[in-house]
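Structural features, examined
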Amino acid sequence: MLTVTIVLIGPPAAGKTRVGKRLAKRLRLPFVDTDAVIVSHHGPIPAIFAELGEPHFRMLERQAVEEALSEPGVVSVGGGAVLHPDTQNDLVDASVVLLTVKPEAIAARIANAKRPLVTDLESWKRLVAQRSSLYASLADYTADTSSRPIDAIVEEIAHWIETRNTEEGQR
Ligand code: S3P
């Protein structure tokens, strides 16, 4: 079994949870979605933002990320998790995959009230503009999810992970 920690980062609605779940299955690794961990312990994310504020959410998120990164597996983190300096440091030791998506592809994906920082396409674009260079600086591999079938995206990432691990094993 692979003993890597693969972390999926990227903007809201890039498909981190969907791709992460499938990738974990493909590589036979455990899967953790840190947003789901936070929700299971503390309730819905919009309520945490509204009642306790974003800094409190970021603190809960950091705890969930730190725990998730301590074991081999596939970890999908919320779009803002990489803003935390400790998480940026932790990612140096992981295989970091950035999922990108074009604005044209996300309108349907953001049409729900699950994301307090993303209320429409404009707020999504603003958030991505602020973060895109940070995302790129942390990524070891980038895959765009705008139009290809999920199986093709998962296969491409799995191939990269397997190749990277074979090369590391040979060193
Ligand atoms: C956030 C992204 C969300 C969630 C929270 C904050 C962000 O996760 O963690 O609403 O700051 O980008 P997704 O990226 O899974 O939507």
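One structure accompanies this document, and this report is about it. Owing to the predicted nature of the structure, the values given are computational and were not obtained by experimental measurement. (Residues numbered from 1 in each chain as written. Predicted model: local features only at pLDDT ≥ 70, side-chain atom pairs only at ≥ 80, totals over all residues. Heavy atoms only, no water.)

**A look at the environment of Gln-88**
Note that Gln-88 resides in helix H5 (residues 85-90). Distance in space between the C-alpha atoms of Gln-88 and Leu-138 is 7.3 Å, their sequence separation being 50 residues. In this view, Gln-88 contacts Val-82, Leu-83, Leu-134 and Leu-138; residues no more than four positions away in its chain are not counted. A distance of 3.4 Å separates the side chain of Gln-88 from the backbone oxygen of Leu-83, its partner in a polar contact. (Helix = DSSP H or I, 4+ residues; strand = E, 2+ residues; numbered from the N terminus. Contact = heavy atoms within 4.5 Å. Polar contact = N/O pair within 3.5 Å; in protein donor to acceptor, adjacent residues only side chain to side chain.)

**Some details on the sheet that holds strand E1 (residues 5-9)**
Pairing is parallel in the open sheet, where five strands are placed in the order E2-E3-E1-E4-E5. Looking at which strands have only one partner, the edges of the open sheet turn out to be strand E2 (31-33) and strand E5 (141-144). Each neighbouring strand pair of the sheet contributes to a mean axis angle of 20°, computed without reference to strand direction. Pairing of E1 with strand E3 (residues 73-76) involves four bridges; the strand directions are parallel. Each bridged residue has a counterpart across the sheet, and for Thr-5 the counterpart in E3 is Gly-73. Of the strands in this sheet, E1, E2, E3 and strand E4 (95-100) touch helix H1 (residues 16-27), which is tilted by about 160° from E1. With respect to the sheet, helix H2 (residues 34-42) is in contact with E2 and E3, its orientation differing from that of E2 by roughly 65°. (Pairing = 2+ DSSP bridges. Axes fitted to C-alpha atoms, helices over the stretch in contact; angles between N-to-C directions.)

**Some details on the site of the ligand**
The immediate surroundings of the ligand are formed by 14 residues, with Lys-16, Asp-35, Arg-58, Arg-115 and Arg-131 found nearest. Within the contact set of the ligand, an oxygen atom lies 3.3 Å away from a backbone nitrogen or oxygen of Gly-80. Burial of the ligand by the surrounding chains reaches 94%, relative to a free accessible area of 380 Å². Along the lines of polarity and charge, the residues of the shell around the ligand split into five nonpolar, three polar and six charged. (Near = heavy atom within 4 Å. Areas by Shrake-Rupley, 256 points an atom, 1.4 Å probe, with all protein chains shown as cover. Nonpolar A, V, L, I, M, F, W, Y, C, P; charged D, E, K, R; others polar.)

**Description of the nonpolar core**
Residues Ile-6, Val-19, Leu-23, Leu-27, Leu-99, Ile-157 and Ile-161 are the most contacted members of the largest nonpolar core, which totals 28 residues. Secondary-structure elements contributing two or more residues to this core are E1, H1, E4, helix H7 (121-138) and helix H8 (150-170). It is H8 that provides the largest number of residues to this core, a total of seven residues. When neighbours within four sequence positions are excluded, Leu-27 is seen to be in contact with Leu-2, Ile-6, Ala-158, Ile-161 and Glu-162. (Core = buried A, V, L, I, M, F, W, Y, C linked by side-chain atoms within 4.5 Å. Buried < 20%, exposed > 50% of the residue type's maximum accessible area, 1.4 Å probe, protein only.)

**Comments concerning the pairing of E1**
Judged by how many residues are buried, E1 sits mostly within the fold: five of five residues are covered. Where burial is concerned, the two faces of E1 agree: the one with Thr-5, Val-7 and Ile-9 and the one with Ile-6 and Leu-8 are both buried. Of the strand pairs in this sheet, E1 and E4 are connected by four bridges, and their pairing is parallel. Its bridge partner lying in E4, Ile-6 is registered against Ser-95.

**A word on the pattern of salt bridges**
Counted under the stated rule, the structure contains ten salt bridges. Of the charged contacts in the structure, one is a salt bridge between Asp-140 and Arg-164, with a shortest N-O distance of 4.0 Å. Here Asp-140 is found in the loop between H7 and E5, whereas its partner Arg-164 is found in helix H8, with 24 residues between them in sequence. Classification of Asp-140 as partly exposed rests on a relative accessible area of 37%. A cluster of three or more residues bridged by salt bridges with shared partners is formed by Arg-26, Glu-155 and Glu-162. (Salt bridge = Lys/Arg side-chain N within 4 Å of Asp/Glu carboxyl O.)

**A short note on the side chain of Asp-33**
With respect to the helices and strands, Asp-33 occurs in strand E2. Buried within the structure, Asp-33 lacks any salt-bridge partner; its nearest side chain of opposite charge belongs to Lys-21, at an N-O separation of 7.6 Å. Here Asp-33 is in contact with Thr-17 and Ser-76, once residues within four sequence places are set aside. (Lys, Arg positive; Asp, Glu negative; His and termini not counted.)

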